[in-house]
Amino acid sequence: MVYFTAILCVIGIAAGQILFKLSAASLRQAGTFFDFRTATILFIAFALYGITTIAWVWVLQRIELGRAYPLMALAFVMVPIGSYFILGERFQPQYFVGVALILAGIVIAVKS
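These notes cover the structure that comes with them. (Residues numbered from 1 in each chain as written. Predicted model: local features only at pLDDT ≥ 70, side-chain atom pairs only at ≥ 80, totals over all residues. Heavy atoms only, no water.)

Remarks on the packing of aromatic side chains
Consideration 1: A full pass over the atoms with the stated rule returns seven aromatic pairs.
Consideration 2: Between Phe20 and Phe46, the ring centres sit 5.6 Å apart and the planes meet at 65°, which makes this aromatic pair edge-to-face. On the criterion of sequence distance, the pair formed by Phe20 in helix α1 (residues 2–30) and Phe46 in helix α2 (residues 36–62) is long-range, its members being 26 residues apart. (Phe/Tyr/Trp six-rings, centres within 6.5 Å; stacked < 30°, edge-to-face > 60°. Helix = DSSP H or I, 4+ residues; strand = E, 2+ residues; numbered from the N terminus.)

Structure follows, in structure tokens:
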């Protein structure tokens, strides 16, 4: 259950980053933070980060930081994948080499 919650935290952080990018795009278009769409997206991103932070504190009560924190590196994998599907961003083939190295590092760190 603890690792499941930690993974949900990582997903929340990744989703929050994508929402921050969407709010930045909306801000560029609207020109003000007081635009309803911009403010709504930004509020949701902040709320998601707040909930994720509370859940992360719960995780850290139950497992060592050294075991939990490597899972946060999954955000470096999830954010670009999400940006590809949601924002239409592209990444180079070298990205997959980096993803493989990150995943290998996570496995090694968590199993140690």
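Concerning the nonpolar core
Consideration 1: Of all hydrophobic cores here, the largest spans 14 residues; its most connected members are Val10, Trp56, Val59, Leu71 and Met72.
Consideration 2: The set of elements that each furnish at least two residues to this core consists of α1, α2 and α3 (65–72).
Consideration 3: Leaving out residues up to four positions away in the same chain, Met72 has contacts with Cys9, Val10, Ile13 and Trp56. (Core = buried A, V, L, I, M, F, W, Y, C linked by side-chain atoms within 4.5 Å. Buried < 20%, exposed > 50% of the residue type's maximum accessible area, 1.4 Å probe, protein only. Contact = heavy atoms within 4.5 Å.)

So, the side chain of Thr38
Consideration 1: Tracing the chain through its elements places Thr38 in helix α2.
Consideration 2: Its relative accessible area of 1% is what places Thr38 among the buried residues.
Consideration 3: Ignoring any residue separated from it by four or fewer positions in sequence, one finds Thr38 in contact with Ser23, Ser26, Leu27, Ala30, Thr32 and Phe33.

Comments concerning the environment of Val79
Consideration 1: By secondary structure assignment, the location of Val79 is in helix α4 (residues 75–87).
Consideration 2: The partly exposed category is assigned to Val79, whose relative accessible area is 23%.
Consideration 3: In the structure, Val79 is positioned 65 residues away from Ala14 in sequence and 5.1 Å away in space, judged by C-alpha atoms.
Consideration 4: Among residues more than four places away in sequence, those in contact with Val79 are Ala14, Gln17 and Ile18.

Let's talk about the environment of Gln61
Consideration 1: Checked against the element boundaries, Gln61 lands in helix α2.
Consideration 2: With a relative accessible area of 59%, Gln61 lands in the exposed category.
Consideration 3: Sequence separation between Gln61 and Val2 is 59 residues, and the spatial gap between their C-alpha atoms is 9.6 Å.
Consideration 4: Here the side chain of Gln61 touches Arg62 through a polar contact of 2.8 Å, side chain to side chain. (Polar contact = N/O pair within 3.5 Å; in protein donor to acceptor, adjacent residues only side chain to side chain.)

A few points about the packing of α3 against helix α5 (residues 94–111)
Consideration 1: Interhelical geometry of α3 versus α5 gives an angle of 165° and a closest axis separation of 9 Å. With respect to α5, the axis of α3 lies roughly antiparallel. Between α3 and α5 the crossing geometry is left-handed. Facing Arg67, Pro70 and Leu71 of α3, the residues of α5 in contact are Ile106, Ala109, Val110 and Lys111.
Consideration 2: In the contact of α3 with α5, the residues fall into five nonpolar, no polar and two charged. (Axes fitted to C-alpha atoms, helices over the stretch in contact; angles between N-to-C directions. Parallel < 35°, antiparallel > 145°, perpendicular 65-115°, else oblique. Left-handed = near helix turned anticlockwise from the far one by under 90°. Nonpolar A, V, L, I, M, F, W, Y, C, P; charged D, E, K, R; others polar.)

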